[in-house]
Amino acid sequence: MFADHSLRKRAAGLSYGITAIVSLVLGGIYAVRQSFMPYHADALSMGWGEVEAANQVLISALMTVAGGGWFTVGVVILVLLVFPFRSDRRWALYALPAVILLFYLPNLWATLSVLQNTPGNPPWQGNAIACLSAVVGFALYHKPLKGRT
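On a predicted model such as this, the values are computed, not experimentally measured, just so you know.

Trainee: How should the overall build of the chain be read in this particular structure?
Mentor: Along the backbone of the chain there are five helices and zero strands. Ordered by position from the N terminus, the helices and strands of the chain form the series α-α-α-α-α. The principal-axis extent of the C-alpha atoms belonging to the chain is close to 60 × 30 × 20 Å. Within the span of the chain, comprising 149 residues, buried residues form 36% of the whole. In the chain, the proportion of contacts linking residues at least 24 apart, taken out of those at least 6 apart, comes to 69%. With an accessible surface of roughly 9,000 Å², the chain has 69% of that area assigned to carbon and sulfur atoms. Across the chain, the mean location of the 10 positive side-chain charges is 26 Å away from that of the 5 negative side-chain charges.

Trainee: Sorry if this is basic, but what is going on with the packing of aromatic side chains here?
Mentor: Describing an aromatic ring pair means giving the distance of the ring centres and the angle of the ring planes. According to the stated counting rule, one finds seven aromatic pairs in the structure shown. Judged by centre distance (5.0 Å) and plane angle (80°), the rings of F36 and W48 are edge-to-face. Of this pair, F36 sits in the loop between α1 (5-32) and α2 (38-44) while W48 sits in the loop between α2 and α3 (53-85), and the two are 12 residues apart along the sequence. Side by side, F36 and W48 carry an identical accessibility label, which is buried. Put simply, the rings of Y30, W70, F103 and Y104 touch in pairs and so form one group of aromatic residues. Between the NZ or CZ atom of K9 and the centre of the ring of F85, over which it lies, the distance is 5.5 Å.

Trainee: What should I look at first to understand helix α5 (residues 124-141) in this one?
Mentor: Note: α-helices contain 3.6 residues per turn, so residues at a spacing of three or four share the same orientation. When the terminal C-alpha atoms of α5 are compared, their 26 Å separation across 18 residues agrees well with the 26 Å that a helix rising 1.5 Å per residue should span. In the core, the buried residues of α5 are packed alongside α1, α3 and α4 (90-117).

Trainee: Which parts of the structure should I look at to understand the pattern of salt bridges?
Mentor: All told, the structure shown has one salt bridge when counted by the stated rule. As a salt-bridge pair, K9 and D88 come within 2.8 Å of each other at their nearest N and O atoms. Here the residue K9 occupies a position in helix α1, and D88 occupies one in the loop between α3 and α4, the gap between them amounting to 79 residues. A relative accessible area of 36% places D88 in the partly exposed class.

Trainee: Looking at this structure, how should I read α4?
Mentor: Between its first and last C-alpha atoms α4 spans 42 Å; for 28 residues at 1.5 Å apiece the expected length is 40 Å, and the two agree. L101 marks where α4 bends most, by close to 25°. Check the buried side of α4 and you find it contacts α1, α3 and α5.

Trainee: I keep staring at the packing of α3 against α4 and nothing clicks. Help me out?
Mentor: In a packed pair of helices, the relevant descriptors are the angle between the two axes and the axis-to-axis distance. Remark: α3 packs on α4, axes separated minimally by 10 Å, with the N-to-C direction vectors making an angle of 165°. Judged on the interaxial angle alone, α4 and α3 are roughly antiparallel. The two elements α3 and α4 cross, and the hand of that crossing is left-handed. Side by side, α3 and α4 meet where A66, G69, W70, V73, V76, I77, L80, L81, P84 and F85 of the first sit next to W91, A92, A95, L96, V99, I100, F103, Y104 and N107 of the second. Here the residues of the contact of α3 with α4 sort into 17 nonpolar, two polar and no charged.

Trainee: For this particular structure, what's the right way to read the nonpolar core?
Mentor: In summary, soluble globular proteins display a tendency toward joint burial of nonpolar side chains. Ranked by internal contacts, the top residues of the largest apolar core, which has 31 residues, are Y16, F36, I77, F85, L96 and Y104. For this core, the secondary-structure elements that each account for two or more residues are α1, α2, α3, α4 and α5. The biggest single contributor to this core is α3, with eight residues. Setting aside residues no more than four positions away along its own chain, Y16 makes contact with I77, L81, F85, L93, L96, P97, I100, S133, A134, G137 and F138.

Definitions and cut-offs
- Throughout, a residue's number is its position along its own chain's written sequence, starting from 1.
- Local features in a predicted model are, by the rule used here, given only for residues with pLDDT of at least 70; side-chain atom pairs are given and counted only at 80 or more, and totals for whole chains, interfaces and linings are based on all residues.
- Computation of side-chain values covers all heavy atoms of the structure but excludes hydrogens and water.
- Helix and strand assignments come from DSSP, with helices taken as H or I runs of at least 4 residues and strands as E runs of at least 2, each series counted from the N terminus.
- Between buried and exposed lies partly exposed: a residue is buried under 20% and exposed over 50% of the maximum accessible area for its type, with that area taken using a 1.4 Å probe on protein chains only.
- Only heavy atoms matter for contacts: two residues are in contact if any of them lie within 4.5 Å across the pair.
- Each accessible area is a Shrake-Rupley result for a 1.4 Å probe, and residues are judged covered by the shown protein chains and nothing else.
- His residues and chain termini do not enter the charge count, which takes Lys and Arg as positive and Asp and Glu as negative.
- Where a charge sits is defined by one atom per residue type, namely NZ (Lys), CZ (Arg), CG (Asp) or CD (Glu).
- Here a pair means two rings of Phe, Tyr or Trp (six-membered ring of Trp) with centres within 6.5 Å. Their orientation is stacked below 30 degrees between planes, edge-to-face above 60, and tilted elsewhere.
- As a reminder, the over-ring test applies to NZ of lysine and CZ of arginine, requiring each to be within 6 Å of the ring centre and within 35 degrees of the ring normal.
- One less than the number of residues in a helix, times 1.5 Å, gives the span that helix is expected to have.
- The working definition used for a salt bridge is a side-chain nitrogen of Lys or Arg within 4 Å of a carboxyl oxygen of Asp or Glu.
- Values of bend correspond, residue by residue, to the angle between axes fitted over the seven residues ending at that residue and the seven starting there.
- Angles here are taken between N-to-C directions and fall from 0 to 180 degrees, while the axes themselves are lines fitted to C-alpha atoms, restricted in helices to the stretch in contact.
- By definition in this entry, angles of less than 35 degrees are roughly parallel, angles greater than 145 are roughly antiparallel, angles of 65 to 115 are roughly perpendicular, and the rest are oblique.
- Note: crossing handedness is left-handed where the near helix turns anticlockwise from the far helix by less than a right angle, and right-handed where it turns clockwise.
- For this classification, Asp, Glu, Lys and Arg are treated as charged, while Ala, Val, Leu, Ile, Met, Phe, Trp, Tyr, Cys and Pro are nonpolar and the rest, including Gly, are polar.
- Among the buried residues, those of types Ala, Val, Leu, Ile, Met, Phe, Trp, Tyr and Cys that are joined through side-chain atoms within 4.5 Å form a nonpolar core.

And the structure:
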């Protein structure tokens, strides 16, 4: 599809870059949010005000940690794109999708678990798209070994 290596590299970088930006945005949202998300309320069948104070503290802490994770993944992806990926470091070819998959596969698993076991409807599709972006980015930029076509 993309015969030109430079175009394939740019497309892979764009795929990874979009995932980084979305991760940064989600990180910011989850880190500063004062209550849980609407799908959390649906999953628990109760509003934030109905949750016991100790559980509110716990949920807020978990959301802050999740936000920190998303933000960290976004920063790591951007750093990898700006330095080793741009410089054609071979290891970056593997590091970028690995970072994305190591973070987003457990998120996908967790959101699917909430979807299957509660009345909540979490945004699992975003996690699936992030995982897909890792695979697509790798496939676009993968450099075959010599002797292989």
